[in-house]
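Chain residues, written in single-letter form:
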Amino acid sequence: MCFDELTGQFALLTTFRKDGTPVPTTVWFARLGDEVVVGTGHATGKVKRIGNNPDVTLERSNFRGKRKGGPVCTGAARRVGGDEA
């Protein structure tokens, strides 16, 4: 699985605008079984973009967003809240 290559605390999450423009953002992440969990505020730009297009990529990075090499994982993001969060 591509996510097995993710190590450390930080990753570069890329979401996509309606016109397809990629928007990379450094995030903290955690592995939860076969999923990767990212915490953020409900009104952030990345949440808005995921609402329009759930396609994302995730790759290893440092806390400043500098790519650390390795595979670029692709997936579909979804919002969680309430008891699931």
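On inspection of all chains with the given rule, the structure shows one disulfide. Each sulfur in the disulfide pair C2 and C73 lies 2.2 Å from the other. Around the S-S axis, the bridge from C2 to C73 shows a dihedral of about -90 degrees and counts as left-handed. One end of the pair, C2, is in the segment before β1 (10-16); the other, C73, is in strand β5 (residues 73-76), and 71 residues separate them in sequence.

Turning our eyes to something else, we now look at the pattern of salt bridges. Within this structure, the stated rule accounts for three salt bridges. Of the charged contacts, one joins E59 and R67 as a salt bridge, the two residues approaching to 3.2 Å between their closest N and O atoms. Residue R67 is classed as partly exposed on the basis of its relative accessible area of 49%. In this structure, the salt-bridge partner of E84 is R78, at a minimum N-O distance of 2.9 Å.

Cut-off values and rules
- Residues numbered from 1 in each chain as written.
- Predicted model: local features only at pLDDT ≥ 70, side-chain atom pairs only at ≥ 80, totals over all residues.
- Heavy atoms only, no water.
- Disulfide = S-S within 2.5 Å.
- Helix = DSSP H or I, 4+ residues; strand = E, 2+ residues; numbered from the N terminus.
- Salt bridge = Lys/Arg side-chain N within 4 Å of Asp/Glu carboxyl O.
- Buried < 20%, exposed > 50% of the residue type's maximum accessible area, 1.4 Å probe, protein only.

These figures come from the coordinates and say nothing about function on their own.
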